[in-house]
Amino acid sequence: MHELVQNVINGLSLGSTYALLALGLALVFSIMGLINFAHGELFTIGGYTMWWLFDRGVPWPLVVVLTPLVCGVAAMLMERAAFRPLRGATLVTLLITSFAVSYFLQTVFQIGISAAPEGIELPGWVNDTVHVGSYTIASVKLVTTAVTLVALVALTLFLRRTRLGVSMRAAAEDFEVLRLMGVNANRVVLFAFAVSGVLAGLAALLFFATTAAVDPTTGTPLVINAFIAVILGGLGSLPGAVVAGFVLGFAEVLFESRLPGSATAFSNAFVLLVIIGLLLVRPQGLLGRPAGLT
Amino acid sequence: MRGLEARYGPIAAVRGVDLDVCRGEIVALLGANGAGKTSTLQAIVGLLPARRGLVEFAGEDVSGLPAEKIVRRGIALTPEGRRLFATLTVAENLALGGGDEATRERLLERFPVLRERLDQPAGSLSGGEQQQLAIARSLMSRPMLLLLDEPTLGLAPKLIASVFDLIARLREEERVSILLVEQNVHRALDVCDRAYVMRTGSVEAQGTPEELRGAGVERAYLGVA
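The rules behind the values
- Residues numbered from 1 in each chain as written.
- Chains lettered and ligands numbered in written order.
- Predicted model: local features only at pLDDT ≥ 70, side-chain atom pairs only at ≥ 80, totals over all residues.
- Contact = placed C-beta atoms within 7 Å.
- Helix = DSSP H or I, 4+ residues; strand = E, 2+ residues; numbered from the N terminus.
- Nonpolar A, V, L, I, M, F, W, Y, C, P; charged D, E, K, R; others polar.
- Axes fitted to C-alpha atoms, helices over the stretch in contact; angles between N-to-C directions.
- Parallel < 35°, antiparallel > 145°, perpendicular 65-115°, else oblique.
- Left-handed = near helix turned anticlockwise from the far one by under 90°.
- Buried ≥ 20, exposed ≤ 12 C-beta atoms within 10 Å, placed from the backbone.
- Core = buried A, V, L, I, M, F, W, Y, C linked by C-beta atoms within 7 Å.
- Pairing = 2+ DSSP bridges.
- pLDDT = per-residue confidence, 0-100.

Chemist: For the interface of chain B and chain A, give the residues involved together with the corresponding values.
Modeler: Often, the extent of an interface is quoted as the loss of accessible area upon association of its parts. Taken together, the 19 residues of chain B in the interface contact 18 residues of chain A. When contributions to the side of chain B that touches chain A are tallied by element, the ones reaching two or more residues are helix H2 (67-72) and helix H3 (90-96) of chain B. Broken down by element, the residue count for the side of chain B that touches chain A peaks at 4 residues, all from H2 of chain B. Across the side of chain B that touches chain A, the residue classes tally to 11 nonpolar, 4 polar and 4 charged.

Okay, structure coming up:
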């Protein structure tokens, strides 16, 4: 029982990172039809921002605010520099561009910072624990889950209550008709990137608060898992991306803790087997619908 | 619009079309499937880039402008198939059309069924209700020129009559000029002041409904008796 509770907490924590990253990917995909593989580098930029700020003694509340902001601005610059000039290009062109941006940024990190991991000097309270009954829980994991839930509620309110948010949902359904409404298409795409960047920044805060180290390729495996979550959740479905992010987190934690010693190296393979099974049963994904941002 | 040419890749969809819509007019654009009617509307609003020619609106050359800028100058397009944002509510669809609260109220008085459905997803409305919403959404920005692309497509005969009644009233009550693309030739000629007949991307005939009927255009170009 004790181990199960611990696994649930770990699954929630890891799932939160995947869910936030998958949300950002799904948002941009819904509007542009693009899976932006350079999204992982936005996450890495979040890690390096934390490293740089903590290294200079910036207080943690400021780091919490600045990291998502830096990632949001980086995402907007990425859209402006790499994707806007290719507006109207084929999806294959956009996909290859996203890989190019990803490798370009990784090289910039390697040359400009270091190919080796940089340790992030986290504040002491990150290692605090909370006692609930007979359970000892790392406070950072509780914060992770809470922050994710707050972010999801805030994003939902933004998409439903603001004109820009409604425009994003409309763009996900029919980008061309949205332009016929006189809405500035470039602005909607730019803000979708900004929101996805902020979500990547939040994911980075939560992830690096646990791992405390960042290197140029940290974001790559995570964005691939987030991509898997987007597919599993159903392309175009934001709740699907979130649910699938958590499913992925739980599955990973579960297999790592339950598989016998020698088999734990294959835990990812088991996770992928589960996902293949789920997609065979529901090819449209867990909450997938034919079209639209739900 | 003068000498307008537009292409889908290598295929010329619009070939040197000249067309005028004067203030307060209803002009019909007729033709068989593939004649270039929808492409002409899309070229006017900038969704289909014009390769040659001029689109002038209210004394200003708007050719080459992006769709959103053309729309903001006072041209609205209600696209074929209505293309509502199906998962968004009726209220959200209207809000995206732009306009102020007074315009919204006025349109909800004109289309009372929309007021009853404000919080429902647009995709859950009946075909007739969806068409009303599509037109109301286009009118939210108070356009001077309304482009209607096949507004009766897929509607029951009774609803078709009401859409044509609506088109006739819109000119008077909303003070909007209308360029109407329509397969229902008889009805379109009944409601319009002038019409153009297109074939393979070019204008083959034009005139008042009486002139076109007298010239046997319905039979010659449109395959109707």
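On we go.
Chemist: How would you explain the packing of helix H3 (residues 60-83) of chain A against helix H8 (residues 185-211) of chain A if you had to name every residue and give the values?
Modeler: Residue and element names in this part refer to chain A. Taken N-terminus to C-terminus, the directions of H3 and H8 make an angle of 140°; their axes are 7 Å apart at the nearest point. Taken together, H3 and H8 sit at an angle that is classed as oblique. Judged by the sense of rotation from one axis to the other, the crossing of H3 with H8 is right-handed. Here H3 contributes Val64, Thr67, Pro68, Val70, Cys71, Gly72, Ala74, Ala75, Met76, Met78 and Glu79 to the contact with H8, which in turn contributes Val189, Leu190, Phe193, Ala194, Ser196, Gly197, Val198, Ala200, Gly201, Leu202, Ala204 and Leu205. Class assignment for the residues of the contact of H3 with H8 results in 17 nonpolar, 5 polar and 1 charged.

Chemist: So, unusual backbone geometry: which residues are in play, and what are the values?
Modeler: Residues and elements named next belong to chain B. The phi angle at arginine 83 is positive, at roughly 45°, despite the residue not being glycine. Following the sequence through the fold, arginine 83 ends up in the loop between strand E7 (75-78) and H3. Positive phi is not limited to glycine here, since threonine 200 has a value of about 45°. Among the secondary structure elements, threonine 200 is positioned in the loop between strand E10 (194-199) and strand E11 (202-207). By C-beta crowding, threonine 200 is classed as partly exposed, having 13 other C-beta atoms within 10 Å.

Chemist: Which residues make up the nonpolar core, and what are the values?
Modeler: Formed by 156 residues in total, the largest nonpolar core has its most connected members in Leu21, Ala22, Leu23 and Val230 of chain A together with Val45, Leu147 and Leu180 of chain B. In this structure, alanine 22 of chain A is in contact with Ala226, Ala229, Val230, Gly233, Ala241, Ala244 and Gly245 of chain A, ignoring residues within four places of it in sequence.

Chemist: Can you lay out the sheet that holds strand E8 (residues 145-149) of chain B for me, pointing to particular residues and giving the numbers?
Modeler: Residues and elements named next belong to chain B. Ordered in space as E7-E8-E9-E3-E10-E11, the 6 strands form an open sheet in which the pairing is mixed. If you trace the sheet from one side to the other, it starts and ends with E7 and E11, each paired once. Neighbour-to-neighbour, the strand axes of this sheet turn through a mean angle of 20°, independent of strand direction. Both strand E3 (residues 26-31) and E10 contribute to a ladder of 5 bridges, which runs parallel. Bridged to glycine 31 within E10 is methionine 198.

Chemist: Hey, could you go over the confidence of the model for chain B for me, with residue numbers and the actual values?
Modeler: Residue and element names in this part refer to chain B. The predicted model of chain B has a mean per-residue pLDDT of 91, with 96% of residues at 70 or higher. For chain B, per-element mean pLDDT is lowest for helix H10 (residues 217-222), which scores 66, and highest for strand E9 (residues 177-181), which scores 97. Predicted as a complex, the structure gets a pTM of 0.83 and an ipTM equal to 0.87.

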